[in-house]
Amino acid sequence: MFPVILAIESSCDETSAAVLKNNAILSNVISSQYFHKEFGGIVPELASRAHIKTIDRIVNKAIEESGIDKHTINCVAATAGPGLIGSLLVGYNYGRSFALSRNIPFIPVNHIESHLFSSFIGHDKINFPFIALVVSGGHTLLFHVRGINSFKVLGETQDDAAGEAFDKVAKMLGLAYPGGPEIDRLALDGNENYHKFPSAKVKGKIYDFSFSGVKTSVLYFLRRNFPDNKNIPLSDICASFQKSVVSSLIEKTKLAADEFGIKMITVSGGVSANSKLRKEFKKLEQRGYNIYFPEKKYSTDNAAMIGYIAYLKINESKNQIQEANILEEAFAKFKH
Ligand code: KG4
Ligand code: ZN
């Protein structure tokens, strides 16, 4: 018997459900809570209420689109954290109840770990070891990955996450939330050498990141040069800010890859959808590095990546798995 996984993601402002058969994504339905735009950021209480309203419809849609018979689902995976607690609880409890009521195993998933492996969705195999950069709205982490359950954090942000910096700078510029895609779009027509915004170094921690400095320097630049908020060259500022963030992400990732003698690099999480980041990382391929990104639909939050890491864990040795008791059941069920 093989795993037919119902996967659920609700850690932030996306309600998402997916169905996987082994590692094949049969469906991946995402409902984004666009109403947060009017508040300029996510309102946690409203996010959680919206998840409650949406989750049943999204799960049923994912099952329907997958074309499978609901009764063949033999495993449920849901994001257990990190994320907004009120939002997490909705998807987690829905998934747990779904599993309990059918007496099938439930796999709690770590959201960052799911981003970490999302670059391999749709690939036949994973080439270990690799250096992984995970850049999202809440996290910026650099990993040395040796196996499914074997990875080490090399560095992380000391302050804002990269996505958070994109969102905050976008807000300063009067752009809509989430700001990353807006900055990405405007930067396409901008001059990235318009102004040099500094990318901060973190003393003594070569793989750590810091983005609050560049964010503040945009703020002071705007105050100094455009005190009346008029005629701001949006595209140029977006391109210059983006250049600073992207170069710091690439510099540290490459440093880690070189130190560990690893040519294989993955870049995932919401910010990995950024076109400049993709373009600059891809340039490293000319210098012998192998660069993997998730497909854009798997960059930002989605349930397919939750199901995918659950699949990988099911496939992996049971001894190394945290939720051993739950997963042992999964193994027993799948080994026929
Ligand atoms: O992974 P994700 O969907 O959610 C978290 O786990 O946080 O990442 C969301 C973040 C937001 O900060 C958003 O602005 C950023 O990813 N983002 C982008 C782009 N698309 C999404 N940042 C830069 N360029 C993009 N194209
Ligand atoms: Zn995420």
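Predicted, not measured: the structure shown is a model, and the values here were computed from it.

Sorry, what's going on with the coordination of the zinc ion (ligand 2) here?
Around a metal, the perfect tetrahedron of four donors has angles of 109.5 degrees, and the perfect octahedron of six donors has angles of 90 or 180 degrees. Around the zinc ion (ligand 2), the protein contributes the donor atoms His 111 (NE2), His 115 (NE2) and Asp 301 (OD), which lie 2.0 to 2.1 Å from the metal centre. Look at where the donors of the zinc ion (ligand 2) fall in the sequence and you get H-x3-H-x185-D. Of this pair, His 111 sits in helix H3 (residues 111–117) while Asp 301 sits in the loop between strand E10 (290–292) and helix H9 (304–315), and the two are 190 residues apart along the sequence. Like His 111, the residue Asp 301 is buried in the burial classification.

In this structure, what is going on with the site of ligand 1? I would like to understand it.
Neighbouring ligand 1 are 18 residues, the closest being Gly 137, Asp 167, Asp 184, Gly 270 and Asp 301. Taking Asp 184, its side chain carries an N or O atom lying 2.9 Å from a nitrogen atom of ligand 1. A total of 550 Å² of accessible area belongs to ligand 1 in isolation, and the protein chains cover 90% of it. For the shell around ligand 1, the elements supplying multiple residues, two or more each, are H3, helix H4 (162–172) and helix H5 (179–187). Considering only residue class, the shell around ligand 1 consists of five nonpolar, 10 polar and three charged. Summarising the domain contributions, the shell around ligand 1 has at least three residues from each of domain 1 (4–118 + 299–332) and domain 2 (126–293).

Teacher, can you tell me more about a nonpolar patch on the surface here?
Nonpolar side chains collect at one region of the surface, where Phe 35, Phe 39 and Leu 46 lie side by side and expose about 250 Å² of accessible area between them. Take Phe 35: it is sitting in the loop between strand E3 (24–32) and helix H1 (44–66). The exposure class of Phe 35 is partly exposed, given its relative accessible area of 33%.

Looking at this structure, how should I read the packing of aromatic side chains?
We describe a pair of aromatic rings using the distance from one ring centre to the other and the angle between the two ring planes. Within the structure shown, the criterion is met by 14 aromatic pairs. Centre to centre, the rings of Phe 143 and Phe 151 are 5.6 Å apart; their planes meet at 85 degrees, and the pair counts as edge-to-face. On the basis of relative accessibility, which here comes to 30%, the residue Phe 151 falls in the partly exposed class. Each residue in the set Phe 117, Phe 120, Phe 128, Phe 130, Phe 143, Phe 151 and Tyr 292 is aromatic and connected to the rest through ring pairs, giving one cluster. Sitting above the plane of the Phe 98 ring, Arg 102 keeps its charged end 3.7 Å from the centroid. Cation over ring: Lys 263 sits above Tyr 289, and NZ or CZ is 4.3 Å from the ring centre.

Would you mind going over the sheet that holds strand E8 (residues 150–156) with me for this structure?
Pairing between sheet strands relies on hydrogen bonds along the backbone, with the strands arranged either parallel or antiparallel. With mixed pairing, the five strands of this open sheet are ordered in space as E8-E7-E6-E9-E10. The open sheet terminates on both sides in strands that have one partner only, identified here as E8 and E10. Recorded for the sheet is a direction-independent mean angle of 20 degrees between the axes of neighbouring strands. Bridge analysis of strand E6 (residues 130–135) against strand E7 (residues 140–147) gives six bridges, and the strand direction is antiparallel. Residue pairing in the sheet places Phe 130 in a bridge with Val 145 of E7. Its contacts with the sheet put helix H7 (residues 234–260) on E6, E7, E8 and strand E9 (264–268), and the angle it makes with E6 is roughly 160 degrees. Here helix H8 (residues 275–283) sits on the sheet in contact with E6, E9 and E10, set at roughly 180 degrees to E9.

Just to check I follow, could you spell out the environment of Ile 107 for this structure?
By the element assignment, Ile 107 lies in strand E5 (residues 106–110). Spatially, the C-alpha atoms of Ile 107 and Tyr 311 are 9.7 Å apart, while their sequence positions differ by 204 residues.

Help me understand the confidence of the model for the protein, please; the structure alone is not making it clear to me.
Low-confidence regions, as indicated by low pLDDT, have predicted coordinates that should not be scrutinised in detail. The predicted model of the protein averages 92 in pLDDT, with 94% of residues at 70 or higher. Below a pLDDT of 50 lies the segment residues 319–336, which in the model reaches 34 contacts outside its immediate sequence neighbourhood of four places, other chains included.

Just checking my understanding: could you explain the packing of H4 against helix H6 (residues 212–225) for this structure?
When two helices pack together, their arrangement is given by the angle between the helix axes and the distance between those axes. Running from N to C, H4 and H6 cross one another at 10 degrees; their axes reach a closest spacing of 10 Å. In terms of orientation, H4 and H6 fall into the roughly parallel class. Contacts between H4 and H6 involve Lys 168, Val 169 and Met 172 from the former and Lys 215, Val 218, Leu 219 and Leu 222 from the latter. Class assignment of the residues belonging to the contact of H4 with H6 gives a composition of five nonpolar, no polar and two charged.

Even after reading the chapter, I still don't get the sheet that holds E3, so can you show me in this structure?
A sheet is described by the order of its strands in space; here five strands give the open sequence E3-E2-E1-E4-E5, paired in mixed fashion. The open sheet has two free edges, formed respectively by E3 and E5, since each of these has just one partner strand. Averaged over all pairs of adjacent strands, the angle between strand axes in this sheet comes to 20 degrees, irrespective of strand direction. Pairing between strand E2 (residues 14–21) and E3: eight bridges, direction antiparallel. The partner of Thr 15 across the bridge, within E3, is Ser 31.

Scoring rules and cut-offs
- Residues numbered from 1 in each chain as written.
- Chains lettered and ligands numbered in written order.
- Predicted model: local features only at pLDDT ≥ 70, side-chain atom pairs only at ≥ 80, totals over all residues.
- Heavy atoms only, no water.
- Donors = N, O, S within 2.8 Å, 3.2 Å for Na, K, Ca; no water.
- Helix = DSSP H or I, 4+ residues; strand = E, 2+ residues; numbered from the N terminus.
- Buried < 20%, exposed > 50% of the residue type's maximum accessible area, 1.4 Å probe, protein only.
- Near = heavy atom within 4 Å.
- Polar contact = N/O pair within 3.5 Å; in protein donor to acceptor, adjacent residues only side chain to side chain.
- Areas by Shrake-Rupley, 256 points an atom, 1.4 Å probe, with all protein chains shown as cover.
- Nonpolar A, V, L, I, M, F, W, Y, C, P; charged D, E, K, R; others polar.
- Domains from an automatic or database assignment.
- Patch = residues over 30% accessible without salt bridge, like charges linked within 9 Å, V, L, I, M, F, W, Y side chains within 5 Å.
- Salt bridge = Lys/Arg side-chain N within 4 Å of Asp/Glu carboxyl O.
- Phe/Tyr/Trp six-rings, centres within 6.5 Å; stacked < 30°, edge-to-face > 60°.
- Lys NZ or Arg CZ within 6 Å of the ring centre and 35° of its normal.
- Pairing = 2+ DSSP bridges.
- Axes fitted to C-alpha atoms, helices over the stretch in contact; angles between N-to-C directions.
- Contact = heavy atoms within 4.5 Å.
- pLDDT = per-residue confidence, 0-100.
- Parallel < 35°, antiparallel > 145°, perpendicular 65-115°, else oblique.

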